[in-house]
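Architecture and fold: a report
What follows is each chain in one-letter form.
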Amino acid sequence: MATQIDKEACRDAYNDVRDDNTETNWAAFKYEGPMIVPAGQGTDYEEFKKLCTDDERLFGFIRFTTGDAMSKRAKFTLITWIGENISGLQRAKISTDKTLVKDVVQNFAKEFMISDHRELEEDYLRTELKKAGGANYDAQAE
């Protein structure tokens, strides 16, 4: 059976993360049978990381605040998590299913495909987002 996505529910979660007037900074989308549905959202990135288990495959849309003392910016990332115990067929299918997620999650600075918990570390992701952002004018970093 072809994978489908609950566009309305996923779009609501996506918009909540993008909204500057909410504290929500992550939303996760998981598989329930052949359907991709919201798996949760929150304000603590550690909560998102707990969803990324070895038996799970999911997508995460995360907001990070970057910049320096003079200029703060919201940067968004799309994470595809593939746990170590996921079968080869499910791993292959996630690449095509990601197009369904990208129909909803359209604006992000960088995309990650991760299966190692170390790559979920917030510092690592922030560094990668900073690189993707181009010039770094943070005088404090020198």
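Residues numbered from 1 in each chain as written. Predicted model: local features only at pLDDT ≥ 70, side-chain atom pairs only at ≥ 80, totals over all residues. Heavy atoms only, no water.

1. Some thoughts on the sheet that holds strand E6 (residues 110–114)
Strands belonging to one sheet form pairs held by backbone hydrogen bonds; the direction of such a pair is parallel or antiparallel. Reading across from one edge, E1-E3-E2-E4-E5-E6 is the order of the six strands in this open sheet, with mixed pairing throughout. With partners counted over all chains shown, the strands left at the sheet margins are strand E1 (4–5) and E6, one partner each. Relative to strand E3 (residues 35–42), strand E2 (residues 26–32) runs antiparallel, the two sharing seven bridges. Opposite Tyr 31, over in E3, you have Ile 36 as the bridge partner. (Pairing = 2+ DSSP bridges. Helix = DSSP H or I, 4+ residues; strand = E, 2+ residues; numbered from the N terminus.)

2. Comments concerning the UniProt feature "domain: ADF-H" (unreviewed entry) in the protein
On the UniProt side, "domain: ADF-H" (unreviewed entry) is annotated at positions that read residues 2–130 here. Secondary structure over residues 2–130 splits into 35% helix and 34% strand, and the C-alpha atoms at its two ends are 37 Å apart. (UniProt positions renumbered as here; feature names shortened; annotations may be inferred.)

3. Quick word on the packing of aromatic side chains
Aromatic rings considered in pairs are described by the distance between their centres and by the relative angle of their planes. Counted by the stated rule, this structure contains seven aromatic pairs. Centroid distance Tyr 14 to Phe 61: 4.8 Å. Interplanar angle 50 degrees. Geometry classified as tilted. Here Tyr 14 is found in helix H1 (residues 7–18), whereas its partner Phe 61 is found in strand E4 (residues 57–67), with 47 residues between them in sequence. Like Tyr 14, the residue Phe 61 is buried in the burial classification. In textbook terms, an aromatic cluster arises when at least three aromatic residues are bridged by ring pairs, as seen for Trp 26, Tyr 45, Phe 48 and Phe 64. A cation over an aromatic ring shows up here: Arg 18 above the ring of Phe 76, its NZ or CZ 4.6 Å from the ring centre. Here Lys 110 stacks its cationic end above the ring of Phe 112, 5.6 Å away from the centre of that ring. (Phe/Tyr/Trp six-rings, centres within 6.5 Å; stacked < 30°, edge-to-face > 60°. Buried < 20%, exposed > 50% of the residue type's maximum accessible area, 1.4 Å probe, protein only. Lys NZ or Arg CZ within 6 Å of the ring centre and 35° of its normal.)

4. A look at the nonpolar core
Phe 29, Ile 36, Phe 59, Phe 61, Val 101 and Val 105 are the most contacted members of the largest nonpolar core, which has 19 residues in total. Listing elements by their share of this core, those giving two or more residues are H1, E2, E4, strand E5 (72–82) and helix H3 (88–104). In terms of residue count, the dominant contributor to this core is H1 (four residues). Setting aside its immediate chain neighbours within four residues, Phe 29 contacts Cys 10, Ala 13, Tyr 14, Ile 36, Val 37, Pro 38, Ala 39, Leu 58, Phe 59, Phe 61 and Val 105. Counting 15 residues, the second-largest nonpolar core is a separate cluster that includes Phe 48, Cys 52, Leu 125 and Leu 129. (Core = buried A, V, L, I, M, F, W, Y, C linked by side-chain atoms within 4.5 Å. Contact = heavy atoms within 4.5 Å.)

5. Quick notes on the state of the cysteines
Enumeration according to the criterion identifies zero disulfides in this entry. Cys 10 takes part in no disulfide bond, and the closest cysteine sulfur, belonging to Cys 52, lies 16 Å away. (Disulfide = S-S within 2.5 Å.)

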